[in-house]
Structures are given as C-alpha cells and as structure tokens.
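# Analysis of the macromolecular model
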Amino acid sequence: MKSENNKQESDSENGKGPSVDFIRAMVADDIKTDRWGGKVITRFPPEPNGYLHIGHGKAICLSFGIAAENRGGRCHLRYDDTNPVKEEERYADSIQEDIRWLGWDWGESLFYASDYFEKMYEYAVILVKKGLAYVCDLTFEEFSEYRGTLTTPGKESPSRTRSVEENLDLFRRMREGEFEDGSHVLRAKIDMKSPNLNMRDPVMYRIIHADHFRTGSKWCIYPTYDWAHGLEDSIEGVTHSICTLEFENHRPLYDWYLDKLAIHHPQQIEFARLELTYTVMSKRKLLQLVEDGHVNGWDDPRMSTICGMRRRGYSPGSIRTFCRRIGVNKFNSTIDIALLEHCLREDLNKSSRRVMAVLRPLKVVIDNFPESEVEWMDAVNNPGDPDAGTRKVPFSKVLYIEQDDFMEDPPRKFFRLSPGREVRLRYAYFITCTEVVKDEHGQIVELHCTYDPATHGGNAPDGRKVKSTLHWVSADQAKSAEIRLYEHLFTQERPEDVADGSDYTSNLNPNSLKVLTGCMVEPSLGKAEPGDRFQFERLGYFCVDPDGKDEKLVFNRTVTLRDTWAKVQKSQTR
RNA sequence: UGGGGAAUAGUGUAAUGGUAGCACGAUUGACUCUGACUCAAUUAGUCUAGGUUCGAAUCCUUGUUCCCCAGCCA
C-alpha cells in the first residue's frame with residue numbers, strides 16, 4: 001500500500017478557524033497564566049490489546065492536534081502495557097501504523113509504561129514507608145465484601161494495621177515471586193467510607209505470574225491502571241492528560257497519588273467518547289464481530305477500525321476533518337454517520353482521479369460505427385484540478401453501459417437511455433437507442449444504437465441538448481474486475497436498540513456486503529495498485545483492495561456519490 | 001435510595017449577562033458533458049417551573065431526564 005504522509009496541521013475550515021472547545025480553551029488559558037512554563041505536553045496512552053477504531057481517532061486527533069497547535073507542543077505515544085495477559089506486540093505495531101497513517105508524528109516520544117516499572121516500584125515503597133500503602137491478604141470474595149456498595153460504606157481490611165516493616169517485607173516478597181496470584185495485593189490506605197468507590201483503599205499492585213511481551217518474566221507484580229497512569233504522566237512531564245469521561249471518578253485518586261508523592265502533577269481532563277450511528281465501537285463488540293465471522297477480520301472495510309476504514313478507502317484527511325468538526329464535550333452524543341460520509345466525499349471529491357467503470361454491464365452495439373475501429377477519446381482526470389491532466393479512453397463499436405441507465409418503459413423524470421431517446425456517452429458521442437434485444441425470459445441482453453459522428457467528444461455542433469450523460473467502457477479494451485459494495489453494518493441507527501432477549505447482532509445488515517463480479521472498468525485501471533482511490537464517475541468512490549493479485553482487480557466501494565435520482569425513485573415507488 | 005458528570009433545531013456544535021449562529025440531514029430551485037460538485041432558498045432549537053435583571057441559553061432556586069462508578073481491566 002502506498003504511504004501517505006500528511007502534514008501535521010490544524011485542519012482549519014473555510015479560512016475561519018474551527019471553534020475552540022473547552023479543552024483547547026483550558027490549554028490556552030494555562031499558556032496565558034504560564035501554569036506549565038508555556039509547555040503543552042499531551043499523550044495518547046493505548047493499551048496494546050486491540051486495534052484502534054474511529055473513537056480512538058477522535059482521542060488521537062485531540063491530543064496530537066492540541067500538541068501540534070501549540071508552539072513547542074508534544075504528544076507522546078505511550079503504551080499502557082500494565083496487564084501482561086491481555087497485551088501483544090502485534091497490537092502495538094498496528095497502533096503505530098494507524099496513528100502514522102492518520103498523519104500524526106510522536107517524534108522521539110515513544111514510551112512504554114513497562115519501562116517505568118522499577119521507578120513505580122520505588123514510588124510504591126515510598127508510600128508504604130509513609131504508612132499510606134499496605135499489603136492486604138483478603139481473598140477476592142472478602143475483598144469485594146469489604147468494599148461495601150454504592151450506598152453502604154466499606155470495612156477496613158484486617159491487614160490495614162500491619163506495620164511498615166512488615167509491609168515492606170511482604171511487598172518485597174510479592175515482587176520476588178513468593179506468593180501465588182491473587183493471594184496478596186498492595187493497596188493504598190485512603191478511606192473505606194468514601195462515597196467514591198475508587199478511594200476505598202484501591203489496589204496498586206496485583207500478583208500475576210505471566211510473561212509480559214516486553215519485560216518477559218522479570219516481574220510477577222503489575223501496577224493497576226490508577227496507580228500507574230498518573231505516574232506515567234508525571235514521569236514524562238505531561239501537562240494535560242486527556243481521557244474519556246468514565247475516568248472522571250478516578251481523578252481524585254489520580255490526584256491523591258501524585259499529591260502524596262509530591263511529584264509533577266499533570267491536569268487530567270475528561271471528554272465524551274465518540275459514538276456513531278449504524279456503528280458499534282467497543283473493543284469487545286468489534287472482537288466479537290471478528291471472532292463470530294460476521295465480518296472478515298479486523299480490517300474488514302465495514303469495521304469502524306482505522307485499518308478497516310483505510311482498506312475501505314477513507315482518506316486520513318477526511319477522518320481528521322471529521323474528528324475536528326464533531327467537537328469535544330462532556331456529554332455523550334451520537335454523531336450521524338452522514339457527517340463522516342460528508343467529510344469523506346468532500347475530501348475525495350478534491351483529490352480523486354475520475355475514471356469510468358460499469359458495475360452491471362449492459363452490452364451496447366453502435367450499428368453505424370466501423371467494425372474494428374478504435375478511437376481514443378480525451379477524458380479529464382479531475383475537473384476540480386487542472387494539473388491532474390487528461391487521459392485517453394478507447395471507444396469502439398461494442399460498449400458496455402450500466403444496466404440502471406436504460407429503461408425500456410421509463411417513468412417520469414427518468415432522463416437516461418430508453419428506446420428512441422438520445423443521450424451522451426461521456427467524452428464520446430451522442431447515441432440513440434434503436435433496438436432492444438431480449439432473451440427467451442424477456443431479459444434485456446443487448447441494445448442497438450446509432451451514434452452521431454458530428455458529436456465527437458460529446459458536443460453537438462448544432463447546439464442540441466441531451467437530458468443525460470452516461471458512463472461507459474469499450475468492450476474489447478475493458479478490464480474485468482470484482483467490486484465489493486458496502487452498506488452500513490447495521491440496519492438500526494443504534495445497533496443496541498433491540499427487543500428483549502436478543503443483542504446487537506440481530507441488527508446486523510444482511511446486505512452490508514455485496515460482491516459483484518464481471519464488472520468492466522476502463523483499461524487505465526490495469527495499472528492501479530492496492531490503496532489507490534478513484535471516483536468511478538456517477539457511481540461513487542472506490543479503492544483498490546489488496547486482495548487483487550496479478551491480473552485480478554478488486555475494488556471496494558468507499559462511499560457512493562450523493563444520488564438525487566435514487567431519492568426520486570424511492571419516492572416514486574412509495 | 002451514595003457519589004461524580006451532563007442537558008441548545010432531527011443530529012452535532014457555537015454564543016460565558018446584550019440580535020440564538022454554524023455544520024450535517026431533509027425539502028425546493030438554479031447550474032451542469034458526473035441526477036456529482038457548486039450556488040441559492042426553506043425547514044427546525046435553549047429540559048421544567050420559579051426568581052434576580054432594563055435585558056438570561058448564560059446567574060440563583062426547584063423539579064425532570066440521561067450518562068459513569070461496587071475488576072486484583074483500562
């Protein structure tokens with residue numbers, strides 16, 4: 001796949017800068033008041049336990065975007081690899097690929113939480129020595145019983161009164177592997193009666209005898225998220241630690257650890273995660289779609305994963321624009337996927353080469369065109385970009401047009417070809433349909449037409465008009481292709497809206513993938529490579545799929561063009 | 001029924017005491033060698049009830065609704 005390096009920039013719209021969200025306002029204010037000595041250091045901290053999706057895209061564009069917008073700003077890519085049983089190197093690799101593809105650059109700032117394990121251990125020892133952390137040997141069951149509930153306070157663990165010396169000894173032996181998984185934890189000593197459950201003596205370390213993908217068997221105790229995350233931010237000198245809303249309840253704990261340690265203390269800021277209509281976003285559901293075979297892998301073009309969208313043909317710029325345009329807020333909202341598709345079309349319209357391709361071919365014979373003659377017509381590559389130049393497209397006696405572009409008995413407002421009617425073949429000639437050939441089942445298999453030589457190139461010297469212009473390909477020179485048509489993966493705006501007893505999979509769209517074979521595309525597409533994007537005129541945007549090998553061409557339909565005729569048709573049949 | 005957040009057109013998002021604006025969508029129309037693009041127009045909103053004020057989406061009080069938290073996940 002071709003690499004696509006995008007400049008890191010703030011995607012400002014229409015000359016006037018995009019509006020300032022509450023986080024950017026906060027950052028700007030911090031700069032004005034010199035809170036961090038003028039520094040802006042953010043971070044994107046994925047756990048390498050799955051593939052990135054468009055929801056992560058929002059977070060990435062936010063943290064990397066804010067860093068890029070501020071002089072000297074930096075955004076770290078930091079793997080939050082604190083749980084060896086869930087994490088894998090291949091995920092870490094895909095995360096880098098996706099962020100880079102989106103157009104962001106972490107420079108030298110690639111970090112791993114696991115590199116800080118020793119430092120974190122030392123910090124933990126400090127808290128133990130201060131009497132602010134203790135080794136607890138409650139079982140799982142006891143532990144949850146002692147925690148209390150949302151409405152009732154918890155009870156203090158009997159281990160809570162252990163001496164500092166004993167805690168130090170026990171904690172060291174935890175690290176040295178003397179104990180079994182689950183037998184002991186290190187907990188912060190805060191307040192078992194706190195109305196915030198996160199403050200009820202939270203776990204800092206648990207024992208997991210498992211190999212970590214980076215540290216191997218060096219450790220058998222691993223820090224929990226709450227303990228680790230603030231330290232990671234602090235160690236790296238992060239100023240603004242931007243995360244999603246569900247961590248709001250964790251902020252007091254984030255603050256508590258850093259306050260007690262009296263070390264660099266970043267500001268945690270929470271925002272609402274992205275939800276999209278007709279889409280699921282959770283890692284769990286995405287995984288289930290893959291594992292249960294509802295889609296063909298993580299990079300299935302119907303997936304909301306970054307790799308899926310890339311394969312589908314989304315441009316990184318369109319995703320960045322989208323992430324900027326949806327804004328940032330503190331309440332959950334569901335974005336209409338039409339906005340994403342709008343950003344996509346807007347970007348692709350500017351950048352895509354136009355070509356002609358026929359999805360469902362209908363043979364057309366031009367009766368008055370010389371038998372074996374081939375005429376090469378000039379076609380514009382991108383009307384919006386003169387620099388894109390022109391190409392030659394072959395025209396001959398036998399052509400294919402789109403089945404949808406002919407109707408024997410046209411309804412009102414159908415402007416395309418029908419018996420006796422004249423239309424234009426784009427960049428070629430005006431043709432008039434003279435005869436319809438059908439098979440024994442009454443199916444239309446072939447059209448006979450005549451062309452007007454005077455309309456060469458598509459213009460009538462007498463100034464007469466036609467109601468429509470069709471795309472076409474010349475039969476002899478056309479390349480055959482497989483084309484995959486996608487629709488939304490789900491039939492419901494909110495896939496979660498289901499009757500009792502069923503789950504979101506009952507809303508899967510059975511028509512989300514339609515594979516067309518025997519499609520005919522113009523010969524210039526023979527040179528197309530995986531990842532190349534085109535506009536198939538009058539149809540939509542298409543992207544070459546890596547499945548195509550040797551002579552075989554495979555395209556994914558990224559998105560259709562807006563289609564006013566389809567709407568008219570729909571309202572007519574209703 | 002504990003605590004923490006949050007409510008502006010169908011959707012998303014501005015307006016931080018002074019004309020409720022923008023975008024997407026939808027609907028019309030113009031243009032057109034893509035029924036695309038572009039352009040123009042229409043559509044439609046401050047959760048409720050009080051209060052402060054010359055003036056409230058914004059400040060105060062009340063109610064309602066929604067989201068998050070009881071992993072040794074992140």
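Residues numbered from 1 in each chain as written. Chains lettered and ligands numbered in written order. Predicted model: local features only at pLDDT ≥ 70, side-chain atom pairs only at ≥ 80, totals over all residues. Heavy atoms only, no water.

### A word on the confidence of the model for chain A
Quick reminder of the rule: One confidence number per residue, pLDDT, is output by the predictor and ranges from 0 to 100. Here, two residues are considered to be in contact whenever any of their heavy atoms come within 4.5 Å of each other.
Per-residue confidence for chain A averages 95 on the pLDDT scale, and 97% of its residues sit at or above 70. In this model, residues 1–16 is a region of pLDDT below 50 whose contacts with residues beyond four sequence positions or in other chains number 27 contacts. Scoring of the predicted complex yields 0.95 for pTM and 0.97 for ipTM.

### Overview of the packing of aromatic side chains
The geometry of an aromatic ring pair is captured by two quantities: the separation of the ring centres and the angle between the planes. The condition is simple: Here a pair means two rings of Phe, Tyr or Trp (six-membered ring of Trp) with centres within 6.5 Å. Their orientation is stacked below 30 degrees between planes, edge-to-face above 60, and tilted elsewhere. To qualify as a helix, a DSSP run of H or I must reach at least 4 residues; to qualify as a strand, a run of E must reach at least 2; elements of each kind are numbered from the N terminus. Note on exposure labels: buried denotes an accessible area under 20% of the residue type's maximum, exposed denotes more than 50%, and partly exposed covers the range between, all computed with a 1.4 Å probe on protein chains only.
Applying the stated criterion across every chain, the model contains 21 aromatic pairs. Taken together, a centroid distance of 5.0 Å and an interplanar angle of 35° make the contact between Y51 and W298 tilted. Placement of the pair is Y51 in the loop between strand 1 (41–44) and helix 2 (54–69) and W298 in the loop between helix 9 (283–291) and helix 10 (306–312), with a sequence separation of 247 residues. Relative to Y451, the ring of F369 has its centre 5.1 Å away and its plane inclined at 65°; by these criteria the two rings are edge-to-face. Of this pair, F369 sits in the loop between strand 14 (361–366) and strand 15 (375–380) while Y451 is found in strand 20 (residues 444–451), placing the two residues 82 residues apart along the sequence. By relative accessible area, F369 is classed as buried at 2%. Residue Y451 is classed as buried on the basis of its relative accessible area of 12%.

### A short note on empty space enclosed by the protein
Just so we agree on the cut-off: Site definitions follow a grid-based scheme: protein atoms alone, a 1 Å grid, a 1.4 Å probe that fits but cannot get out for cavities, and for pockets an open set with protein on both sides within 12 Å along at least five of seven lines, plus lining residues having an atom within 4 Å of a point. Grid points are joined across faces, edges and corners, and a volume is the space filled by probe spheres set on the points. The residue classification treats Ala, Val, Leu, Ile, Met, Phe, Trp, Tyr, Cys and Pro as nonpolar and Asp, Glu, Lys and Arg as charged. All others, Gly included, are polar.
Tallied over the full model, the rule gives 3 cavities of 30 Å³ or more. Taken as a whole, the largest cavity spans an internal volume of roughly 240 Å³. Around the largest cavity, the lining comprises 21 residues; the ones closest to its centre are T279, R302, M303, R312 and I337. No other element matches helix 12 (residues 337–351), which puts 3 residues into the lining of the largest cavity. Taken together, the residues of the lining of the largest cavity sort by class into 14 nonpolar, 3 polar and 4 charged.

### Regarding the packing of helix 1 (residues 22–32) against helix 2
The criterion, for reference: A fitted line through C-alpha atoms represents every axis, and for helices the fit uses only the stretch in contact; the resulting angles, taken between N-to-C directions, go from 0 to 180 degrees. Throughout, a crossing is termed right-handed when the near helix is turned clockwise from the far one, and left-handed when it is turned anticlockwise from it by less than a right angle.
The N-to-C vectors of helix 1 and helix 2 enclose an angle of 35°; their axes lie 11 Å apart at closest approach. The two elements helix 1 and helix 2 meet at a crossing, and its hand is right-handed. When helix 1 is examined against helix 2, the residues I23, R24 and V27 are found in contact with a partner set consisting of L62, G65, I66 and E69.

### Side note on the nonpolar core
In plain terms, the rule: The nonpolar core is taken to be a set of buried Ala, Val, Leu, Ile, Met, Phe, Trp, Tyr and Cys residues, with the residues joined through side-chain atoms within 4.5 Å.
With 47 residues, the main nonpolar core has I54, I99 and F322 as its most contacted residues. Once you skip the residues sitting within four places of it in the chain, I99 turns out to touch F44, L52, I60, F64, L77, W104 and W106. Listed in part, the 38 residues of the second largest apolar core include Y116, M120, M174 and L231.

### Looking at the packing of helix 4 (residues 117–129) against helix 8 (residues 251–261)
The line we're drawing: Roughly parallel means an angle under 35 degrees; roughly antiparallel, over 145; roughly perpendicular, 65 to 115; everything else is oblique.
With their axes 10 Å apart at the nearest point, helix 4 and helix 8 run at an angle of 80° to one another. Viewed along their axes, helix 4 and helix 8 adopt a mutual orientation that is roughly perpendicular. Taking contact as the criterion, the partners of Y123, I126 and L127 in helix 4 are, on helix 8, W256, Y257, K260 and L261. When grouped by side-chain class, the residues that make up the contact of helix 4 with helix 8 number 6 nonpolar, no polar and 1 charged.

### Focus on the protein's contact with RNA strand B
What counts here: What makes a residue near a molecule or strand is one non-hydrogen atom of that residue sitting within 4 Å of it. We define a polar contact as two N or O atoms separated by no more than 3.5 Å, with the added condition that, inside protein, one atom must be a possible hydrogen donor and the other a possible acceptor, whereas residues neighbouring each other in sequence contribute only through side-chain atom pairs.
The full set close to RNA strand B counts 61 residues, and R354, R416, R424, G457 and T564 are the nearest of them. Close to the protein, within 4 Å, the atoms of RNA strand B are drawn from sugar and phosphate at a rate of 65%. Here R147 contributes a side-chain N or O atom positioned 2.8 Å from a sugar or linking oxygen of RNA strand B. Interatomic distance of 3.2 Å between a side-chain N/O atom of E248 and a sugar or linking oxygen of RNA strand B. Residue assignment for the surface near RNA strand B shows that the elements contributing at least two residues are helix 5 (140–147), strand 6 (203–207), strand 11 (333–335), helix 12 and helix 13 (564–573). With 4 residues, the top contributor of residues to the surface near RNA strand B is helix 12.

### A few points about the sheet that holds strand 20
The cut-off we apply is this: Strands pair, by our definition, only if DSSP identifies at least two bridges between them.
Judged by pairing direction, the sheet is mixed, and its 7 strands sit side by side in the order 21-18-19-20-14-17-22 without closing on themselves. Two strands close off the open sheet at either side, each with one partner strand: strand 21 (469–470) and strand 22 (472–474). Where strand 18 (residues 422–425) meets strand 21, 2 bridges bridge the pair, whose relative direction is parallel. Note on strand 21: the bridge partner recorded for R424 is T469.

### Some points on the environment of Q477
With respect to the secondary-structure elements, Q477 resides in the loop between strand 22 and strand 23 (479–486). Each C-alpha atom of the pair Q477 and F395 lies 8.9 Å from the other, and the pair is 82 residues apart in sequence. Here S474 takes part through its side chain, which lies 2.5 Å from a polar atom of the side chain of Q477.

### What to know about helix 1
Here is the rule we go by: Think of the arc as the fan of directions from the helix axis to the C-beta atoms.
By the burial criterion, the buried members of helix 1 are I23, R24, V27 and D30. For helix 1, the angular spread of the buried residues around the axis is 120°, confining them to a single face. Of the surrounding secondary structure, the elements contacted by the buried residues of helix 1 are helix 2, strand 8 (240–244), strand 9 (267–271) and helix 11 (316–325). Two to three positions downstream of the cap, the backbone nitrogen of I23 sits 3.0 Å from a side-chain oxygen, assigning the N-cap of helix 1 to D21. One or two residues past the end of helix 1 sits D34, with phi positive at roughly 60°.

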